[in-house]
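Descriptive structure summary
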Amino acid sequence: ITVSYTFPVTEMGTISHEASGFYTTYDGIAHGITVNVSDPTDVTISYSTDEGDDKTYSETNPTFVDAGSYTVYYKIEKDNYTTVTGSKSVAIAPKELTITAADQTITYGDSIDKTKYSITGLVDGDSINAVTLTPSTSDATDNGTIAVSIDKIVNASGDDVTTNYDVTLTDGKLVIG
């Protein structure tokens, strides 16, 4: 006679893992959290951005490009092991962007050069839709200004990404003689 019996698991194993968030300044690149499991192997890791108790998990780790603060929940599962849950944050700060109108000295009756400005801090792949320079006066002056303004900032796909920047507009000095 051969008797076969499967004993129930009386003690669940422990999953060893490390999780980390990501903190950066806007760079136009997608960022997410990292979850690494050292023991056991062949676990299932799933992620959610849902708040509350009824989260929907997916094996796709969400990533974020736009400035903001995001919470990613994770769940690590394997049969006969205690399920691990946790969360980490992805925080992306707005990028500093400065647009400065150049100082100009022009002759009375002439127009300012509307291409004289500098831009510092623009992320590769992003561009400013329109930069406008506006003189404070067309009369003779020693203390006029050239105001700078922009329409919006767009990425390579043409999406408006202005909110990903902390924009500083610096007027230039205008002298008309």
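Higher on the page you've got the structure.
So, here is what we can say about the structure in this document. Per-chain numbering applies: the sequence of each chain, read as written, is numbered from 1 onward. Confidence filtering applies because this is a predicted model: local features only for residues at pLDDT of at least 70, side-chain atom pairs given and counted only at 80 or more, and all residues used for totals across whole chains, interfaces and linings. Note that water and hydrogens are dropped before the side-chain values are worked out from all heavy atoms of the structure.

Note on pairing: two strands pair once DSSP finds at least 2 bridges between them. Each helix is a run of H or I in the DSSP string that is no shorter than four residues. Each strand is a run of E no shorter than two, and both are numbered from the N terminus. Pairing in this open sheet of four strands is mixed, and the strands run β8-β15-β12-β11 from one edge to the other. At either margin of the open sheet sits one strand with a lone partner, and together these are β8 (104-106) and β11 (131-135). Shown here is a sheet whose adjacent strand axes are inclined to one another by a mean of 25°, direction ignored. Of the strand pairs in this sheet, strand β12 (residues 141-150) and strand β15 (residues 172-176) are connected by four bridges, and their pairing is antiparallel. By the bridge assignment for β15, G144 is matched with L174. Lines are fitted to the C-alpha atoms to define the axes, a helix being fitted only along its stretch in contact, and any angle between axes, read from their N-to-C directions, falls within 0 to 180 degrees.

Next up on the list: the side chain of H31. Position of H31 relative to the elements: it lies in the loop between β2 (22-25) and β3 (34-39). Counting of polar contacts relies on pairs of N or O atoms within 3.5 Å, with two restrictions inside protein: one atom must be capable of donating a hydrogen and the other of accepting it, and residues adjacent in sequence are counted only when both atoms are side-chain atoms. Within the structure, H31 has its side chain in polar contact with the side chain of D27 (distance 3.0 Å). At 3.2 Å, the side chain of H31 forms a polar contact with the backbone oxygen of I29. Here, two residues are considered to be in contact whenever any of their heavy atoms come within 4.5 Å of each other. Those residues in contact with H31, other than ones at most four positions away along the chain, are F22, T24, P62, T63, F64, V90 and I92.

Right, let's get into the pairing of strand β4 (residues 44-48). Any residue under 20% of the maximum accessible area for its type is buried, any over 50% is exposed, and the rest in between are partly exposed; the area is computed with a 1.4 Å probe on protein chains only. Judged by how many residues are buried, β4 sits mostly within the fold: four of five residues are covered. Both β4 and strand β5 (residues 68-77) contribute to a ladder of five bridges, which runs antiparallel. The partner of Y47 across the bridge, within β5, is Y74.

Aromatic rings in a pair are described by how distant their centres are and how their planes are angled relative to each other. A pair of aromatic rings is counted whenever rings of Phe, Tyr or Trp (Trp by its six-membered ring) have centres within 6.5 Å, and the orientation is called stacked for planes under 30 degrees apart, edge-to-face for over 60 and tilted otherwise. Scanning all chains against the criterion turns up two aromatic pairs. Pairing Y26 with Y165 gives two aromatic rings, centres 5.3 Å apart and planes at 70°, and the pair type is edge-to-face. Note that Y26 is positioned in the loop between β2 and β3 and Y165 in strand β14 (residues 165-170), a separation of 139 residues in sequence. Each of the two residues, Y26 as well as Y165, counts as buried. Look at F64 and Y70: their rings are 4.1 Å apart centre to centre, the planes differ by 10°, and that puts the pair in the stacked class.

Among the secondary structure elements, D110 is positioned in the loop between β8 and β9 (117-120). Between the C-alpha atoms of D110 and S136, which are 26 residues apart in sequence, the distance is 14 Å.

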